[in-house]
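Chain by chain, the residues:
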Amino acid sequence: MTVEIDSRDRVFQLWAYTVGMGRLLLRSTKSDQFGTRVDVLFQNVQALQLPSLLSGLVVSAADAAVSENITRNTGLLPDHEHRFFSVVGSNFNGYVVAGVVVSCEDDREYFEPSDVWPSGPGQLS
């Protein structure tokens, strides 16, 4: 299993979703404990099963058992345009079916745009 993102020590929120490009943004904001913000972007999202508050975040390529569960729940199959991602934290086991996942860490403020979502959540690009 290939780990794409490992941020077990942070709390993320389901921050934004846009239908047009199927973009899903998960964000961990600055806090007393962390002086940076972390954004995780999934693009070309076809399906997801996640809570809105995610304690810890590990994103990896879904193994065979998780992939089978995703196919059973959604009817989707992985292909060259869509990958199955396992998304796990201390309080949940979920998934996202998307074309790509990327992340960035920066020192920007709460609602400022990020490198992975340049127009800012809630704004159309």
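Look up a bit, the structure's there.
Residues numbered from 1 in each chain as written. Predicted model: local features only at pLDDT ≥ 70, side-chain atom pairs only at ≥ 80, totals over all residues. Heavy atoms only, no water.

## What about unusual backbone geometry?
One can expect most non-glycine residues to show negative phi and most peptide bonds to be in trans. Look at Asn44: it is not a glycine, yet its phi comes out positive at around 60°. With respect to the element layout, Asn44 can be found in the loop between β4 (37-43) and β5 (47-49). Assessed through its relative accessible area of 30%, Asn44 is described here as partly exposed. (Helix = DSSP H or I, 4+ residues; strand = E, 2+ residues; numbered from the N terminus. Buried < 20%, exposed > 50% of the residue type's maximum accessible area, 1.4 Å probe, protein only.)

## With respect to the sheet that holds strand β7 (residues 58-61)
The strand order across the open sheet formed by five strands is β1-β7-β8-β9-β5, and the pairing between neighbours is antiparallel. Edge strands, defined here as strands with exactly one partner in the open sheet, are β1 (3-6) and β5. Sheet twist, expressed as the average angle between the axes of neighbouring strands with direction ignored, equals 15°. Across seven bridges, the pairing between strand β8 (residues 83-89) and strand β9 (residues 92-98) is antiparallel. Its bridge partner lying in β9, Phe84 is registered against Val97. (Pairing = 2+ DSSP bridges. Axes fitted to C-alpha atoms, helices over the stretch in contact; angles between N-to-C directions.)

## Considerations on the sheet that holds strand β3 (residues 23-28)
The sheet built from five strands is open, its strands ordered β6-β2-β3-β4-β10 with antiparallel pairing. Where the open sheet ends on each side, the last strands, each with one partner, are β6 (53-55) and β10 (100-106). Strand-to-strand twist in this sheet, taken as the mean axis angle between neighbours without regard to direction, amounts to 25°. Examined bridge by bridge, strand β2 (residues 11-18) and β3 share five bridges and lie antiparallel to one another.

## Concerning the pairing of β3
For β3, the buried fraction is high: six of the six residues fall into the buried class. What you see with β3 is no split at all: Arg23, Leu25 and Arg27 on one side and Leu24, Leu26 and Ser28 on the other are buried throughout. In sequence, β2 turns back onto β3 through a hairpin of four residues, with Gly22 there showing a positive phi of about 60°. As paired strands, β3 and β4 are joined by five bridges and run antiparallel to one another.

From the geometry alone we can't say anything about function, so treat these as descriptive.
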